[in-house]
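Here is what each chain is made of, one letter per residue.
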Amino acid sequence: MVVFLFPGQGSQQPGMGAAWRDHPSFELVDEASDVLGRDMAWLLLEADAETLQITRNTQVATLLMSAIALDAIERLGIAPQLAAGHSLGEYAALVAAGGISLEAGLLLVQERGDAMAQAAEASPGAMIALLGATLDQALQLVDAIGPDLWLANHNSDTQIVLSGTTDAVASAEELAREYGIRRVTRLKVGGAFHSPYMLEAKDRLRKAIAQTKFYDLEVPVIANVDAREHVLASEWPTLLAEQLTSPVRWAETMSAIAAARPALIVEVGPGGVLANLAKRAIADIPTIAVATPDDLETLVERLAGDGPVAEWATSHQGERLYGSERLIVAPVTGVFQPARPAPEPGAPVRVGTEVGTIGDTPVRSAFAGTLKEMLAVPGERVTAGQPVAWLSETSASDHAPAAIATPLHESR
């Protein structure tokens, strides 16, 4: 099993789209700009930190960055068997699982960001992260401050996020050490999220959710509000609305993922925060973050190597295959040269098999099969994402990928 995690608000950074600018998946930026009626390229490439911290900018920008990374992974033929997203990231998880279209996700998140910003203006607030704090210590601090402070995120055994009025959060910062909390960090967010101060936003978001088409999920997504797997379309409107005023139960989500014993955990999108949390919470399960195109090579290498990740990937033929075509595509633009000796029709192809190169970049298969035909000829100039080889399906005993996905721009 491969698990995808999607980051939430706070993972954004100026210029986070620059590394993807020449990747084929960056075409999603133009699509998102058309859907939202905004210049999303400027937001991902040029906006400064202060601009990105504005809630209505943060949320759509972060979702779009996760969608770009997800699309790039899917172009390699890789998809998850389980997903989860932290707060805002839950929308990206639903896109990955086929629960909503990318267009619907963008529109919902834009409305969510506007609604949360409006609620924050009406009831100003703040959030702090307690580092090195247990849940009991955090709850004792909340009780000491009073009714204007709430538990917002239970991220791990040593990281808790509190949400509340500006005065209550300031008081918590002053008292934290008295409760054995070593470090307190003010988060760069625009309000008291995941608290009762978001009730107004919840009511507004419900109206947008009611106009959104949901689908039964192709893979389960673990919900923030109850840390349980959900696949039914009918469940998600309530889960997404309740999420705005409920704590994010991320530590419990990590426990649920650990119990599933995945072969690999992949954070998809900017930042790498969730990957670091997962490494500490589930140290014995390999975890990587795909935040830039360079990380895609690491992902393929993990699936194609000699360790437990590859052992799992090569033993699960037929598990959640979402595409009918098995194509090896060019990872970059350039002149293609086949491997030596050149692969011939009928030859077996394993996960990670190198069928050629484009300059110094190897062209590897993300899954297994039997070579039917080489689609690129020696010396041909190919573009990134262009198919260079065509495989037929293997038998159940052959080596196969984690999953084969339908790219985002071809999904619902």
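As the structure is a prediction and not an experimental result, all values here were calculated from the model. (Residues numbered from 1 in each chain as written. Predicted model: local features only at pLDDT ≥ 70, side-chain atom pairs only at ≥ 80, totals over all residues. Heavy atoms only, no water.)

A. A look at empty space enclosed by the protein. Under the defined criterion, the tally for this structure stands at one cavity of 30 Å³ or more. The calculated volume of the largest cavity comes to roughly 50 Å³. For the largest cavity, the full set of lining residues is Arg-75, Leu-76, Leu-327, Ile-328, Val-329, Arg-364, Ser-365, Ala-366 and Phe-367. At three residues, the largest contribution of residues to the lining of the largest cavity is made by strand β11 (residues 326-329). Classifying every residue of the lining of the largest cavity gives six nonpolar, one polar and two charged. (1 Å grid on protein atoms, 1.4 Å probe; cavity = no way out; pocket = protein on both sides within 12 Å on 5 of 7 lines; lining within 4 Å. Points joined across faces, edges and corners; volume = space filled by probe spheres on them. Helix = DSSP H or I, 4+ residues; strand = E, 2+ residues; numbered from the N terminus. Nonpolar A, V, L, I, M, F, W, Y, C, P; charged D, E, K, R; others polar.)

B. Here's a closer look at the confidence of the model for the protein. Across the protein, the average pLDDT comes to 87, with 90% of residues at 70 or higher. Helix α14 (residues 308-313) is the least confidently modelled element of the protein, averaging 57 in pLDDT, while strand β7 (residues 221-222) averages 98, the highest of any element. Confidence drops under a pLDDT of 50 for residues 316-325, and excluding neighbours within four residues, the segment shows 30 contacts in the predicted structure. The model gives residues 395-407 a pLDDT under 50, and that stretch makes 52 contacts with residues more than four places away or in other chains. (pLDDT = per-residue confidence, 0-100. Contact = heavy atoms within 4.5 Å.)

C. Broad picture of the UniProt feature "domain: Malonyl-CoA:ACP transacylase (MAT)" (unreviewed entry) in the protein. The feature "domain: Malonyl-CoA:ACP transacylase (MAT)" (unreviewed entry), as given by UniProt, occupies residues 5-295 in the numbering adopted here. Here residues 5-295 is 46% helix and 15% strand, with 15 Å between the C-alpha atoms at its ends. (UniProt positions renumbered as here; feature names shortened; annotations may be inferred.)

D. Representation of the pattern of salt bridges. Inspection of the entire model under this criterion finds twelve salt bridges. Residue Asp-71 pairs with Arg-75 through a salt bridge whose shortest N-O separation is 2.8 Å. In this pair, Asp-71 and Arg-75 are both assigned in helix α4 (residues 55-75), four residues apart and thus about one turn of the helix distant. Arg-75 carries the same exposure label as Asp-71, and that label is buried. Asp-203 is the partner of Arg-206 in a salt bridge, and the nearest nitrogen-oxygen pair spans 3.3 Å. Highlighted residues: Arg-206 and Asp-203, both in helix α9 (residues 199-210), separated by three residues, approximately one helical turn. Overall, Arg-206 belongs to the partly exposed group, its relative accessible area being 38%. (Salt bridge = Lys/Arg side-chain N within 4 Å of Asp/Glu carboxyl O. Buried < 20%, exposed > 50% of the residue type's maximum accessible area, 1.4 Å probe, protein only.)

E. Examining the packing of aromatic side chains more closely. Following the criterion strictly, the structure yields two aromatic pairs and no others. Relative to Phe-6, the ring of Phe-4 has its centre 6.4 Å away and its plane inclined at 70°; by these criteria the two rings are edge-to-face. Under the relative-accessibility criterion, Phe-6 is labelled buried at 0%. Centre to centre, the rings of Trp-150 and Tyr-197 are 5.4 Å apart; their planes meet at 80°, and the pair counts as edge-to-face. A residue pair is termed long-range when its members are at least 10 positions apart, and Trp-150 in strand β4 (residues 149-156) and Tyr-197 in the loop between β6 (183-186) and α9 qualify at 47 residues. Over the ring of Tyr-215 we find Lys-213, and its NZ or CZ is 5.7 Å from the ring centre. (Phe/Tyr/Trp six-rings, centres within 6.5 Å; stacked < 30°, edge-to-face > 60°. Lys NZ or Arg CZ within 6 Å of the ring centre and 35° of its normal.)

F. Inspection of the pairing of strand β1 (residues 2-6) at higher detail. Most of β1 sits inside the fold, with five of its five residues counted as buried. Of the two faces of β1, the one carrying Val-2, Phe-4 and Phe-6 and the one carrying Val-3 and Leu-5 are both buried. Where β1 meets strand β9 (residues 264-268), four bridges bridge the pair, whose relative direction is parallel. Residue pairing in the sheet places Val-2 in a bridge with Leu-264 of β9. (Pairing = 2+ DSSP bridges.)

G. Geometry of the packing of α9 against helix α10 (residues 236-243). Here α9 crosses α10 at 155°, and the two axes come no closer than 9 Å. One way to sum up the angle between α9 and α10 is to call them roughly antiparallel. As α9 runs across α10, the sense of the crossing is right-handed. Here Lys-202, Leu-205, Arg-206 and Ile-209 of α9 come into contact with α10, specifically with Pro-237, Leu-240, Ala-241 and Glu-242. The residue makeup of the contact of α9 with α10, split by class, is five nonpolar, no polar and three charged. (Axes fitted to C-alpha atoms, helices over the stretch in contact; angles between N-to-C directions. Parallel < 35°, antiparallel > 145°, perpendicular 65-115°, else oblique. Left-handed = near helix turned anticlockwise from the far one by under 90°.)

H. The arrangement of the sheet that holds β6 in detail. Taken together, the four strands give an open sheet; going across it, the order is β4-β5-β3-β6, and neighbouring strands pair in antiparallel fashion. Strands with a single pairing partner mark the edges of an open sheet, and in this sheet they are β4 and β6. The average undirected angle you get between the axes of adjacent strands in this sheet is 25°. The pairing of β4 with strand β5 (residues 159-165) spans six bridges and is antiparallel.

I. Quick look at the domain arrangement of the protein. Looking at the assigned domains, one finds that the protein contains domain 1 (2-120 + 196-315), domain 2 (125-187) and domain 3 (325-392). Contacts between the two partners involve eleven residues from domain 1 and, on the opposite side, nine residues from domain 3. The junction of domain 1 with domain 3 conceals about 780 Å² of combined surface from both sides, 66% of it contributed by carbon and sulfur atoms. Counting across the domain 1 and domain 3 interface gives two salt bridges. The closest approach of N and O atoms between Glu-297 and Arg-364, which form a salt bridge, is 2.6 Å. Between the two partners, domain 1 and domain 3, sit one residue pair in polar contact (both at pLDDT 80 or more). Residue contributions to the side of domain 1 that touches domain 3 peak at five residues, all from helix α13 (residues 294-304). A per-class count over the side of domain 1 that touches domain 3 returns six nonpolar, two polar and three charged. (Domains from an automatic or database assignment. Buried area = accessible area lost by both parts, 1.4 Å probe. Polar contact = N/O pair within 3.5 Å; in protein donor to acceptor, adjacent residues only side chain to side chain.)

J. Seen up close, the nonpolar core. Counting residues in each nonpolar core, the largest one holds 96 residues, and the members touching the most others are Phe-4, Phe-6, Ile-68, Trp-236, Val-266 and Val-388. Looking at this core element by element, the count peaks at eleven residues for α4. Beyond its immediate sequence surroundings of up to four residues, Phe-4 is in contact with Leu-70, Ile-73, Ile-78, Ala-79, Pro-80, Leu-82, Ala-83, Ala-84, Val-266 and Val-268. Core analysis: the second largest hydrophobic core is formed by 16 residues, Val-3, Leu-5, Ala-84 and Ala-278 among them. (Core = buried A, V, L, I, M, F, W, Y, C linked by side-chain atoms within 4.5 Å.)

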